[in-house]
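Residue-level listing of the chains:
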Amino acid sequence: MRSDLIVVGGGAVGASLVRAARGLSICLVAAALPDPAAPPGSTFDSRVYALSPGNVAFLRQIKVWDSIPAERLTPVYSMQVHGDEADAKIAFDAYRAGVSELAWIIEDRELQAALWRALETQDGLTIVAPARCSTLSLDSTACITLEDGRRMEADLVVGADGADSFVRDAARIHASSAAYGQTAVVANFTCERPHGNAALQWFQGGPVLALLPLPGDRVSMVWSLPTERATQLMARSPAEIAAEATDASRGRLGSLELISEPQAYPLRRLSAERMVLAHLALAGDAAHVIHPLAGQGLNLGLQDARSLGALVAGREPVRGPGDLRLLRRYERERSEDILSMRAAVHGLHSLFDAKGGAVRRLRNAGLNLTDRLGVIKQQLLRHALH
């Protein structure tokens, strides 16, 4: 099978790249098919994302966003980040920032289903799923052999296949990786008080708790905890988990009541030493993984898809999609955003994980100072809205 582009990985990053690279003959290789969208009135997926306005515009451009049911989407009008002292916080407001919303909350299941509905009607696309890759070779083209013996060839192969990327490893691209020693516990709750479309976060001297608004009187929790403590929390009853979340959120939304099965995800950081070779590129978690405290993991991946899709679709006629000079433009274009976000997230995690009274006073004073400095807040917002 011969095509212009092979995308390995059928998640949000891989599927959105396929949509962005329209005009090419594409083969999408996915390990599994996505879960169907939830029927009306069903429970909400506990894995949710806070998508930036820039990425929402991208999903509209590739004709995905408008097919998502409005009742499954929640705009975020404000964000409040609290330190580990009661009076330390920084707040962001859409109205003051001059935008209609700071982010949109969407369930993983709904986003995946919308992307795959769009793929079903895309010309020039062949979907191979479920399938697993066996070998990869790079010469004058990229060639992938599947475990069932099928062979595929393309001018460019993109690894959008997650942190344990087959494409990255098969291409012998080194990736530095380290565990945070934390596990994210995610679950959905009903809340006693209205959330007011606000995203709330608390640094807790290492652990980080976030409550993201869902439609109605619901919120989605992402609680990054030391792994041992996360294991203990997962073993508790629904009422005990809800009581701990209520207490940890300082009763901001009143009593919380658990309405979904909690799930746990070990956290680590990862950085590939490069994102491209001739006839090969990496995107999303295959290239970079960061702590979820800023909610920017998928946003970075979708920005990769935006950038790479635009470059290969709009390339000069003399260049193929796998031309190394073209792919280096992608790598350069993405490097600043990725490096700055990685540094900011790792720095925040290290700062609030540090022990000692002096450090604690300094970081909380810094949070309050940043809240009062409009220029710095605008810089932070610029990255969050991109």
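Up top is the structure these notes are about.
Residues numbered from 1 in each chain as written. Predicted model: local features only at pLDDT ≥ 70, side-chain atom pairs only at ≥ 80, totals over all residues. Heavy atoms only, no water.

Asks: I tried to follow the overall build of the protein on my own but got confused; where do I start?
Replies: Assigned secondary structure in the protein consists of eleven helices and 20 strands. Projected onto the principal axes, the alpha-carbon positions of the protein cover approximately 60 × 45 × 40 Å. When the accessible surface of the protein is summed, it comes to about 16900 Å², and 52% of that surface belongs to carbon and sulfur atoms. Distance from the positive charge centre (41 side chains) to the negative charge centre (42 side chains) of the protein: 5 Å. (Helix = DSSP H or I, 4+ residues; strand = E, 2+ residues; numbered from the N terminus. Areas by Shrake-Rupley, 256 points an atom, 1.4 Å probe, with all protein chains shown as cover. Lys, Arg positive; Asp, Glu negative; His and termini not counted. Charge placed at Lys NZ, Arg CZ, Asp CG, Glu CD.)

Asks: Explain the side chain of H279 here, please?
Replies: Relative to the elements of secondary structure, H279 occurs in the loop between β18 (276-277) and β19 (280-282). A relative accessible area of 12% means that H279 is categorised as buried. Dropping the residues within four chain positions of it, H279 is found in contact with L138, D139, S140, T141, A142, D155, L156, V157, G322 and L327. (Buried < 20%, exposed > 50% of the residue type's maximum accessible area, 1.4 Å probe, protein only. Contact = heavy atoms within 4.5 Å.)

Asks: Sorry, what's going on with the pairing of strand β1 (residues 2-8) here?
Replies: Strand residues, when the strand is regular, have side chains that alternate between the two faces of the sheet. Counting buried residues in β1 gives five out of seven residues, a clear majority hidden from the surface. Relative to strand β11 (residues 151-159), β1 is paired through six bridges, and the arrangement is parallel. Residue pairing in the sheet places I6 in a bridge with V157 of β11. Of the strand pairs in this sheet, β1 and strand β2 (residues 26-29) are connected by four bridges, and their pairing is parallel. (Pairing = 2+ DSSP bridges.)

Asks: Is there a simple way to explain the packing of aromatic side chains in this structure?
Replies: The description of an aromatic ring pair uses the distance of the two centres, along with the angle that the planes make with each other. Counting across every chain of the model gives one aromatic pair. Ring geometry for W65 and W104: centres 6.0 Å apart, planes at 70°, overall edge-to-face. With W65 in the loop between α2 (53-61) and β4 (74-76) and W104 in strand β7 (residues 103-107), the pair connects residues that are 39 residues apart, well separated along the chain. A relative accessible area of 3% places W65 in the buried class. (Phe/Tyr/Trp six-rings, centres within 6.5 Å; stacked < 30°, edge-to-face > 60°.)

Asks: What's the story with the pattern of salt bridges in this structure? I'm lost.
Replies: Two side chains carrying opposite charge are able to pair once their charged atoms lie near each other. For the structure shown, the criterion picks out 15 salt bridges. Between E107 and R109 there is a salt bridge whose closest N-O contact spans 3.2 Å. With respect to class, E107 is no different from R109; both count as buried. If you follow the salt bridges from partner to partner, you end up with E316, R319, D323, R325 and R329 in one network. (Salt bridge = Lys/Arg side-chain N within 4 Å of Asp/Glu carboxyl O.)

Asks: Just checking my understanding: could you explain helix α7 (residues 238-248) for this structure?
Replies: Given 3.6 residues to a turn, an α-helix orients residues that are three or four positions apart in the same direction. Listed in full, the buried residues belonging to α7 are I241, A242, A245, T246 and A248. The buried residues of α7 occupy an angular sector of 165° when projected down its axis, which confines them to one face. Across α7 from its buried face, at more than 90 degrees, point the exposed residues A239 and D247. The first or second residue beyond α7 is R250, which carries a positive phi of 60°. (Arc of directions from axis to C-beta.)

Asks: Can you help me understand the sheet that holds strand β3 (residues 48-51) in this one?
Replies: Hydrogen bonds between backbone groups are what pair the strands of a sheet, and the pairing can be parallel or antiparallel. Strand order across the open sheet formed by three strands is β3-β7-β4, with antiparallel pairing between neighbours. Of all strands in the sheet, those with a lone pairing partner are β3 and β4, marking the two edges. Going across the sheet, the axis of each strand differs from the next one's by a mean of 30°, ignoring polarity. In this fold helix α4 (residues 108-119) packs onto β3 and β7, with an angle of close to 85° to the strand it touches most, β7. (Axes fitted to C-alpha atoms, helices over the stretch in contact; angles between N-to-C directions.)

Asks: What should I look at first to understand the packing of helix α1 (residues 12-20) against α4 in this one?
Replies: How two helices pack is summed up by the angle between their axes together with the distance between the axes. Axis separation between α1 and α4 bottoms out at 10 Å; the angle between their running directions is 30°. If you check the angle between α1 and α4, you find them roughly parallel. The handedness of the crossing between α1 and α4 comes out as left-handed. Facing α1, whose interface residues are A12, A15, S16, V18 and R19, α4 presents L111, Q112, L115, W116, A118 and L119. (Parallel < 35°, antiparallel > 145°, perpendicular 65-115°, else oblique. Left-handed = near helix turned anticlockwise from the far one by under 90°.)

Asks: Is there a simple way to think about the environment of H82 in this case?
Replies: Counting through the fold element by element, H82 comes out in strand β5 (residues 78-82). The sequence separation of H82 and G11 amounts to 71 residues, and the corresponding C-alpha distance is 32 Å.

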